[in-house]
Amino acid sequence: MNLEGLLKQKRSTISKKWFDMAIETYLPETALFFKTQKDSIANPVGSVTLQGIEGLFEELLQGININY
């Protein structure tokens, strides 16, 4: 399996780990809220952080196809 295939296969796991690492920079009570509150209105920080991570991951996958 090539790198792109492996990243696609592990996408969910990697994105979750990146999200957890970013959120754990906050106080424990706040991090728990960001991880558990799924409503984007009640939890805009968690929602935007997850969207950003997913966007970064997608850009990473698209960049793999660039031939130099």
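Structure: above.
Quick look at the structure, then.

Procedures and definitions
- As a convention, each chain's residues are numbered from 1 in the sequence order in which they are written.
- With the structure being a predicted model, the display of local features is reserved for residues of pLDDT at least 70 and the display and counting of side-chain atom pairs for 80 or more, all residues being used for whole-chain, interface and lining totals.
- Just so you know, side-chain values use all the structure's heavy atoms and leave hydrogens and water out.
- Put simply, a nonpolar core is a bunch of buried Ala, Val, Leu, Ile, Met, Phe, Trp, Tyr and Cys residues held in one set by side-chain atoms that sit within 4.5 Å of each other.
- Each residue is assigned to one of three classes by its accessible area relative to the maximum for its type, calculated with a 1.4 Å probe on protein chains only: buried under 20%, partly exposed between the two thresholds, exposed over 50%.
- Under the scheme used here, helices are H or I runs from DSSP no shorter than 4 residues and strands are E runs no shorter than 2 residues, and both carry numbers assigned from the N terminus.
- Each axis is a line fitted through C-alpha atoms, taken for helices only over the stretch in contact, and angles between the N-to-C directions span 0 to 180 degrees.
- Here roughly perpendicular refers to angles of 65 to 115 degrees, roughly parallel to angles under 35, roughly antiparallel to angles over 145, and oblique to all remaining angles.
- In a left-handed crossing the near helix is turned counterclockwise from the far helix by less than a right angle, and in a right-handed crossing that turn is clockwise.
- A contact between two residues is defined here by any heavy atoms of the two lying within 4.5 Å.
- We call Phe, Tyr and Trp rings a pair once their centres come within 6.5 Å, taking the six-membered ring for Trp, and we label the pair stacked below 30 degrees between planes, edge-to-face above 60, and tilted otherwise.
- The term salt bridge refers to a pairing of a side-chain nitrogen on Lys or Arg with a carboxyl oxygen on Asp or Glu at a separation within 4 Å.

Another point: the nonpolar core. In this structure, Phe-19, Ile-23, Ala-31, Phe-34 and Ile-53 together form the largest nonpolar core, which totals 5 residues. For this core, the elements supplying multiple residues, two or more each, are α2 (11–23) and α3 (28–36).

This part takes up the packing of α2 against α3. Running from N to C, α2 and α3 point in directions that differ by 150 degrees, and their axes come no closer than 9 Å. With respect to α3, the axis of α2 lies roughly antiparallel. Pair α2 / α3 crosses with right-handed handedness. Facing α2, whose interface residues are Phe-19, Asp-20 and Ile-23, α3 presents Ala-31, Phe-34 and Lys-35.

Following the criterion strictly, the structure yields 3 aromatic pairs and no others. Between the aromatic rings of Tyr-26 and Phe-34, the centroid separation amounts to 4.9 Å while the plane-to-plane angle is 85 degrees, which identifies the pairing as edge-to-face. A network of ring pairs unites the aromatic residues Tyr-26, Phe-33 and Phe-34 as a single cluster.

The full count for this structure, using the stated rule, is 4 salt bridges. A salt bridge links Lys-16 to Asp-20; the shortest N-O distance between them is 2.9 Å. Taken as a pair, Lys-16 and Asp-20 lie in helix α2 at a separation of 4 residues, close to a single helical turn. Overall, the relative accessible area of 53% leaves Lys-16 in the exposed class.

Secondary-structure assignment places Asn-43 in the loop between α3 and α4 (44–64). The buried category is assigned to Asn-43, whose relative accessible area is 2%. Along the primary structure Asn-43 and Phe-33 are separated by 10 residues, whereas in three dimensions their C-alpha atoms are 8.0 Å apart. When near neighbours in sequence (up to four residues on either side) are disregarded, Asn-43 contacts Phe-33, Phe-34 and Gln-37.

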